Amino acid sequence: MFFTCSAIAKVWFLRPLALKVLALPILPFPELWIHLYNQLHSLDTSDKAISLFSFIIWHIWKARNGYVFEKILKKPQDISLQATQEWLEYLNFHKPTLKISGQTANSGSLMTRWKPPPHGFIKLNYDAATDKTSKSGSIKVVATDHLCNIISRFSIFYRHIWDPRVLEFLALRDAMLWARSNQWERVTLEGDVTEVTQTINHHLSSNSQVWGIYLYIQHLQDLSKYLYTD
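Residue indices follow the written sequence of each chain, beginning from 1 at its first position. Totals for whole chains, interfaces and linings use every residue, but because this is a predicted model, local features are given only for residues with pLDDT of at least 70 and side-chain atom pairs only at 80 or more, for both listing and counting. The side-chain quantities take in all heavy atoms of the structure and omit both hydrogens and water.

Engineer: Honestly, the overall build of the protein chain in this entry has me stumped. Any pointers?
Structural biologist: A tally of helices and strands in the protein chain yields eight helices and six strands. Written out in order from the N terminus, the α and β elements of the protein chain read α-α-α-α-β-α-β-β-β-α-β-α-α-β. Relative to all contacts within the protein chain whose residues are 6 or more apart in sequence, the contacts with residues 24 or more apart total 65%. For accessible areas, the Shrake-Rupley method is used with a probe of radius 1.4 Å. Any residue's cover is judged against the shown protein chains and nothing else. Just so you have it, the protein chain exposes about 12700 Å², and 57% of that area is on carbon and sulfur atoms. Each helix is a run of H or I in the DSSP string that is no shorter than four residues. Each strand is a run of E no shorter than two, and both are numbered from the N terminus. Residue contacts follow a heavy-atom distance rule, with two residues in contact if any of their heavy atoms lie within 4.5 Å.

Encoded structure:
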């Protein structure tokens, strides 16, 4: 039931793992788990992919019980979203709080022209990286306050996605989801690709590859108030 149902297959494919579970070998679950563990660990040695896998499979099980015992049918995107949000909360809880000086913030991984957010705001700097050789990509988000304290950070690995433009939009979307999971209401978001910021600020997107992501970002924007900066 965790992999063979077509609706559940959508749950797996929607998330950063992008697992094509219907193509998995037919094995007893213990052997299949070893197969999946080795596959995920080879792609992400930090084992974040394995922890995300565990959250997804747990939420699939909860959704199944909700349908069997309470006749509540959840959509695949809802199962996927809730699993990812709780996984991000888990990562955030296990991240230490760090502090950097203003000088470091201006010269490190937070971009050359980095400026702290207004008082009372949290700034999320998001970025993406691509690897055409392995046909994969990754995104990273760093949360910083007005005193240059790094509150937290997280990264996500994407299989089968290596288009830089798509990854930048995914980075923004995941940063917004992360902010919601942490219940941060006063947030500024900053990326290093002007096209993304202009697309969101001016409600323009002519690229079919990012249209679905753009609409989802607009939906998240309607739920919360965000300030976008270049």
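Engineer: When you look at the environment of Gln85 in this model, what are you seeing that I'm missing?
Structural biologist: Along the chain, Gln85 turns up in helix α4 (residues 76-93). The spatial distance from the C-alpha of Gln85 to the C-alpha of Leu177 is 6.8 Å, given a sequence separation of 92 residues. In contact with Gln85, not counting residues within four places along its chain, are Leu177, Arg180 and Ser181.

Engineer: Would you explain the packing of helix α6 (residues 164-181) against helix α7 (residues 194-201) in this entry?
Structural biologist: The description of two packed helices rests on the angle between their axes and on the distance between the axes. Across the interface, α6 lies against α7 with an axial gap of 10 Å and an inter-helix angle of 55°. Taken together, α6 and α7 sit at an angle that is classed as oblique. Considering how the two elements wind past one another, α6 and α7 form a crossing that is right-handed. Along the contact surface, α6 presents Arg165, Glu168, Phe169 and Leu172, while α7 presents Glu195, Val196, Thr199 and Ile200. Of the residues in the contact of α6 with α7, the class split is four nonpolar, one polar and three charged. To get an axis, fit a line to the C-alpha atoms, keeping to the stretch in contact for a helix; angles then go from 0 to 180 degrees between the N-to-C directions. Roughly parallel here means an angle under 35 degrees, roughly antiparallel means over 145, roughly perpendicular means 65 to 115, and every remaining angle is called oblique. For any pair of crossing helices, the crossing counts as left-handed if the nearer helix is rotated counterclockwise from the farther one by less than a right angle, and right-handed if it is rotated clockwise. Each residue is assigned to one class: nonpolar for Ala, Val, Leu, Ile, Met, Phe, Trp, Tyr, Cys and Pro, charged for Asp, Glu, Lys and Arg, and polar for all the others, Gly among them.

Engineer: Would you take a moment to explain the layout of surface pockets for this structure?
Structural biologist: Taking a probe equal in size to a water molecule and rolling it over the atoms shows the remaining empty space. Within this scheme a cavity is a closed region of a 1 Å grid, computed over the protein atoms alone, that accommodates a 1.4 Å probe without allowing it to escape, whereas a pocket is open but has protein on both sides within 12 Å along at least five of seven lines; lining residues each have an atom within 4 Å of a point. Grid points are joined across faces, edges and corners, and a volume is the space filled by probe spheres set on the points. Approximately 240 Å³ is the volume attributed to the second largest pocket. Lining the second largest pocket are 15 residues, with Ile8, Ala63, Arg64, Leu73 and Ile79 sitting closest to its centre. Elements that contribute at least two residues to the lining of the second largest pocket include exactly α1 (6-14), α3 (48-70) and α4. Ranked by residue count, the leading element in the lining of the second largest pocket is α3, at five residues. Its residues placed into classes, the lining of the second largest pocket shows 13 nonpolar, no polar and two charged.

Engineer: Would you mind showing me how to read the packing of aromatic side chains here?
Structural biologist: Aromatic ring pairs are defined here through the distance separating the ring centres and the angle between the ring planes. Under the pairing criterion, centres of Phe, Tyr and Trp rings, with the six-membered ring standing for Trp, must be within 6.5 Å; the plane angle then separates stacked pairs below 30 degrees from edge-to-face pairs above 60, leaving the rest tilted. This model, assessed by the stated rule, comprises three aromatic pairs. Counting every residue linked through ring pairs, the aromatic cluster contains Phe154, Trp178 and Trp184. Look at NZ for Lys and CZ for Arg. If either is within 6 Å of the ring centre and within 35 degrees of the ring normal, a charge sits over the ring. The ring of Tyr67 is capped by Lys71, whose NZ or CZ atom sits 5.8 Å from the centre of that ring.

Engineer: Where do I start with the pairing of strand β5 (residues 187-191) in this structure?
Structural biologist: The side chains of a regular strand alternate, first on one face of the sheet and then on the other. The buried label applies to any residue whose accessible area, calculated with a 1.4 Å probe on protein chains only, is under 20% of its type's maximum; exposed applies above 50%, and partly exposed to all values in between. Among the five residues in β5, five count as buried, and that is most of the element. Neither face of β5 is open: one carries Val187, Leu189 and Gly191, the other Thr188 and Glu190, and all of them are buried. The rule for pairing is simple: two strands pair if DSSP sees at least two bridges between them. Across five bridges, the pairing between strand β2 (residues 122-131) and β5 is parallel. Along β5, the bridge assignment pairs Tyr126 with Gly191.

Engineer: Any chance you could explain the nonpolar core here in plain terms?
Structural biologist: Proteins that are soluble and globular tend to have nonpolar side chains buried together. Working definition of a nonpolar core: buried Ala, Val, Leu, Ile, Met, Phe, Trp, Tyr and Cys residues. They are joined through side-chain atoms within 4.5 Å. In terms of nonpolar packing, the biggest core is built from 54 residues, with Phe3 and Leu124 touching the most fellow members. When residues in this core are grouped by element, the largest group, 11 residues, is from α6. For Leu124, the residues in contact, after removing those within four places along its chain, are Val141, Val142, Ala143, Ala175, Trp178, Ala179, Trp184, Val187, Thr188, Leu189 and Glu190.

Engineer: Would you take a moment to explain α7 for this structure?
Structural biologist: Count 3.6 residues to each turn of an α-helix, and residues three or four apart come out pointing the same way. Regarding α7, the residues found buried are Val196, Thr197, Thr199 and Ile200. Down the axis of α7, the buried set is contained in an arc of 160°. They therefore lie on one face. The directions from the helix axis to the C-beta atoms form the arc being described.

Engineer: Please explain unusual backbone geometry as it appears in this structure.
Structural biologist: A negative phi angle characterises most non-glycine residues, just as the trans form characterises most peptide bonds. Its identity is not glycine, yet Lys71 carries a phi of approximately 60°, on the positive side. If you trace the backbone, Lys71 turns up in the loop between α3 and α4. Positive phi, close to 70°, is recorded for Cys148, a residue that is not glycine. Position of Cys148 relative to the elements: it lies in the loop between β3 (136-145) and β4 (149-159).

Engineer: Is there a simple way to think about the pattern of salt bridges in this case?
Structural biologist: Note on pairing: side chains with opposite charge can pair once their charged atoms come close. Here, a salt bridge means any Lys or Arg side-chain nitrogen found within 4 Å of an Asp or Glu carboxyl oxygen. Inspection of every chain in the model, using the stated rule, returns two salt bridges. Glu190 is the salt-bridge partner of Lys123, the closest N and O atoms lying 3.2 Å from each other. Residue Lys123 is found in strand β2, and its partner Glu190 is found in strand β5; the two are separated by 67 residues along the sequence. Glu190 shares its class with Lys123; the two are buried. One salt bridge connects Arg173 with Asp174, and the closest N-O pair in it is separated by 3.0 Å. The pair Arg173 / Asp174 is uniform in exposure class, with both members buried.

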